[in-house]
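Descriptive structure summary
Residue-level listing of the chains:
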There are 2 protein chains.
Amino acid sequence: MAKFKLTPWEVEGDIDYERLVSDFGVSYITDKIKSYLQDSHPLLRREVYFAHRDFDKWINAYESGKKVSVITGRGPSERMHIGHLVPFMVAKALQDKFNCEVYIPISDDEKFYVKEDLSFDNAVNYSKENILDLIALGFNPKKTFIFRDFEYTSIYLYAAKVAKRINYSMAKSVFGLKPEHNIGWSFYPAMQTAHILFPQFNVGAHFTVTPVGIDQDPFLRIARDVAVHKDFKFEKPTALHAKFIPSLAGSAKMSSSGDHVIFLTDSAKEVKRKINKYAFSGGQATIEEHRAKGGDPDVDISYQYLRMFFESDDQKLKEIHDNYKSGNLLSGELKKILIDKINVFLEEHQKKREDAKKIVDLFLLKNK
Amino acid sequence: MAKFKLTPWEVEGDIDYERLVSDFGVSYITDKIKSYLQDSHPLLRREVYFAHRDFDKWINAYESGKKVSVITGRGPSERMHIGHLVPFMVAKALQDKFNCEVYIPISDDEKFYVKEDLSFDNAVNYSKENILDLIALGFNPKKTFIFRDFEYTSIYLYAAKVAKRINYSMAKSVFGLKPEHNIGWSFYPAMQTAHILFPQFNVGAHFTVTPVGIDQDPFLRIARDVAVHKDFKFEKPTALHAKFIPSLAGSAKMSSSGDHVIFLTDSAKEVKRKINKYAFSGGQATIEEHRAKGGDPDVDISYQYLRMFFESDDQKLKEIHDNYKSGNLLSGELKKILIDKINVFLEEHQKKREDAKKIVDLFLLKNK
């Protein structure tokens, strides 16, 4: 059996997803769910989001004409990379498919508490910048609600109600709190839970879904416990669980630093350099050997990025896969395909991000 | 040496104030401070407020024409009793004397976190009701700023900045946190510290004073430590420390329940009943014995309440004292004096409380 270590703040070794599904007691995506997602974003229909908690109930609610919504948040960072967009691409895809509301809390407070050297002003500035990147994805301004904890401080009212139902020892075990951590950090589990429950605080009980890396499932479990407390009587939040998105070098979880990720601000030249230099290749050592034996698309990061994000055409993806496997397509050629795709995406993204500055106010919640 | 136990949430035995002053490292009120307080409220000039931390610096700042202010808060309760008014009577007296701003944070959040059975709505309602009792004391609406944490949620911004500088183990030792306490409770030390520092967050560094029971001094010490952190560069908050205000039965600290306190809503009849039945008497067992030996005003609660609150005329107070001590004044007669004084006060208070409803908005801070 593969050995690995997984907490919401630590990943080590090769993740055994089958064991996680069984240990966590979550479910694999069903055929019914798949049928709804088959024309959706590659992240959904190619099962990067591979498991769920009660998402079938969300679908059932939708089918019976009831309100459903999506909630997914972000702890802001100085620069966003493509991996950061994953849950928001999914939220956008769900909004397109189900015409539902999307709630996006930005936890500038969390980052401020957890990062010793992050100033208050920088936490706020990163949030504002990150919000532009999210709006650039094309959310519907009439159905998308974004807020920062340090601006929409009314969230404290909900966080307080939640805080009363989470004791320190529970928060400590789920969030890995230590006595030397500051007490903002101790409080943050209440804030995060209030985020997950926010759509229900806002408009009353209904089914929500949170697209989330499977390592974050423990947070969902706290929110599900709190949701059904008699103070609230909400529906248990449902979740869609993703596998890890690998870094360029192929490690399990993307890090925000270094050359192993593609930042949304990277130039075309920078993208080319990073992919060529760092994207882990499934090819052979020499061209001759590659032509003879073929490459391995399953471990090739360029192929995986195309599969997960950038080649939405199934037929084209299959051709790339087969050509790479047969040795017809060389690693450099495969990388070139990815580089071009990413650069088209980034050019478009950077344009939309500029446009977002003009409409950002349409998305932001105002204090009570 | 007297044995006693004192934490901010527990009092046992006979308080040895001399030892507290030495253990805590606070100072007795100086002659210079006394000279400012000599025509002030009995609580100040008769040295119920008997010690201080750096209040001489506050006075010096005032003398050199610098801004000074008062900050004193309240955790709301269903009904307020006379003991609850103590720090606010002092704040009002300081405002009258020094024409300074007074800040009054109301911690509905604290009570909500700490009292398992207190609902959110009741915490809010008690706050609103308590605020009327405070305004009834006659604060200047142009220089007095009142806010509830559950309304003025902008306070979360300051609490967050403070929270980053208080770690859990420190909060645990000063506030007696336990693992089974909820995480709102864990966070509250940051909120309370933000309250004490609020005037400086609001208008910049200056000297503030908090009138406070000496048992609450540890909270002041945390605020003083945080104030001078490089994130803030505030002045250390100064404090005026009070002895305990005894309950009718004479025990060290008033409790909010039972017959041993005078609620601000008590009827004249109720006041008469409580004082006659419960006010601890320094008199003798029989009238004959009292006439012969005289009473002991030092332990007589009726005399003490007159001294601390209700007989501002020094000459009259002295006559009462001497007549009681000589046996001329009987315990029943002394009680009658107090009953009449309290009832005049309460009748007036209840009228002013009604008037407060019309002007409450002048005092309340609005969210950013």
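Here's a quick rundown of the structure. Since the model is a prediction, treat every value here as computed from it, not as a measurement.

Calculation criteria
- Residues numbered from 1 in each chain as written.
- Chains lettered and ligands numbered in written order.
- Predicted model: local features only at pLDDT ≥ 70, side-chain atom pairs only at ≥ 80, totals over all residues.
- Heavy atoms only, no water.
- Helix = DSSP H or I, 4+ residues; strand = E, 2+ residues; numbered from the N terminus.
- Least-squares fit on C-alpha atoms with pLDDT ≥ 70 in both.
- Contact = heavy atoms within 4.5 Å.
- Pairing = 2+ DSSP bridges.
- Axes fitted to C-alpha atoms, helices over the stretch in contact; angles between N-to-C directions.
- Buried area = accessible area lost by both parts, 1.4 Å probe.
- Salt bridge = Lys/Arg side-chain N within 4 Å of Asp/Glu carboxyl O.
- Polar contact = N/O pair within 3.5 Å; in protein donor to acceptor, adjacent residues only side chain to side chain.
- Core = buried A, V, L, I, M, F, W, Y, C linked by side-chain atoms within 4.5 Å.
- Buried < 20%, exposed > 50% of the residue type's maximum accessible area, 1.4 Å probe, protein only.
- Expected span 1.5 Å × (residues − 1).
- Arc of directions from axis to C-beta.

1. Section: the environment of Gly25(A)
For Gly25(A), the location among the structural elements is in the loop between α1 (17-24) and β3 (27-28). Along the sequence, Gly25(A) and Lys272(A) sit 247 residues apart, while their C-alpha atoms lie 41 Å from each other.

2. Here's the deal with the relation of the copies chain A and chain B
Put simply, the two copies of the chain differ by a rotation about an axis and a shift along that axis. Once chain A has been moved 0.0 Å along the axis and rotated by 180°, it coincides with chain B to within an RMSD of 0.0 Å. With respect to symmetry, the two chain copies, as superposed, fit the operation of a two-fold axis. Same-surface contact between copies: 100% of interface residues of chain A are shared with the interface of chain B.

3. Here we look at the sheet that holds strand β8 (residues 207-213) of chain B
Residue and element names in this part refer to chain B. With mixed pairing, seven strands are arranged side by side in an open sheet as β3-β4-β9-β8-β5-β6-β7. Strand pairing shows two members of the sheet lacking a second neighbour, β3 (27-28) and β7 (144-148), which therefore form its edges. Here four bridges tie strand β4 (residues 49-53) to strand β9 (residues 238-242), and the two strands are oriented antiparallel to one another. Residue pairing for β9: Tyr 49 is matched across the bridge by Ala 242. Running at roughly 175° to β9, helix α11 (residues 217-227) makes contact with β4, β8 and β9 of the sheet.

4. Quick word on the interface of chain A and chain B
With 37 residues of chain A in contact, the opposing surface of chain B contributes 37 residues. Surface buried jointly by chain A and chain B totals about 3000 Å² across both partners, of which 64% is contributed by carbon and sulfur atoms. At the surface where chain A touches chain B, the tally comes to two salt bridges. With a closest N to O distance of 3.2 Å, Glu116(A) and Arg165(B) form a salt bridge. At the boundary of chain A and chain B, one finds 24 residue pairs in polar contact (both at pLDDT 80 or more). Those elements that place two or more of their residues in the side of chain A that touches chain B are α6 (108-114), α8 (155-163), α9 (168-175) and α10 (183-203) of chain A.

5. Comments concerning the nonpolar core
Formed by 86 residues in total, the largest nonpolar core has its most connected members in Val162(A), Phe187(A), Val162(B) and Phe187(B). Setting aside anything within four residues of it in sequence, one finds Phe187(A) in contact with Tyr156(A), Ala159(A), Ala163(A), Tyr113(B), Tyr156(B), Ile183(B), Gly184(B) and Phe187(B).

6. Overview of the environment of Glu78(B)
All names here are of chain B. As for its placement among the helices and strands, Glu 78 is situated in the loop between β5 (68-71) and α5 (82-98). Accessibility expressed as a relative area gives 57% for Glu 78, which makes it exposed. Glu 78 sits 52 residues away from Asn 130 along the chain, and the two C-alpha atoms are 8.1 Å apart. Setting aside residues up to four positions removed in sequence, Glu 78 forms contacts with Tyr 126 and Asn 130.

7. Thoughts on the side chain of Ser77(A)
Residue and element names in this part refer to chain A. Mapped onto the elements, Ser 77 comes out in the loop between β5 (68-71) and α5 (86-98). A distance of 3.0 Å separates the side chain of Ser 77 from the backbone oxygen of Arg 79, its partner in a polar contact. Those residues within four positions of Ser 77 in sequence are excluded, and the remaining contacts are His 84, Tyr 126 and Asn 130.

8. A few points about unusual backbone geometry
Of note in this structure, Lys233(A) is not a glycine but carries a positive phi near 55°. With phi around 50°, Asn99(B) is a residue other than glycine that occupies positive phi space. Using a relative accessible area of 49% as the deciding quantity, one classes Asn99(B) as partly exposed.

9. Comments concerning helix α15 (residues 314-326) of chain B
Residue and element names in this part refer to chain B. Between its first and last C-alpha atoms α15 spans 18 Å; for 13 residues at 1.5 Å apiece the expected length is 18 Å, and the two agree. Listed in full, the buried residues belonging to α15 are Leu 317, Ile 320, His 321 and Tyr 324. Seen from one end, α15 has its buried residues packed into an arc of 100°, which puts them on one side. Residues of α15 that are buried make contact with α13 (287-293), α14 (301-310) and α16 (331-359). Regarding α15, its N-cap is Asp 313, as a side-chain oxygen of that residue lies 2.8 Å from the backbone nitrogen of Gln 315 further along.

Geometry only, nothing functional implied.
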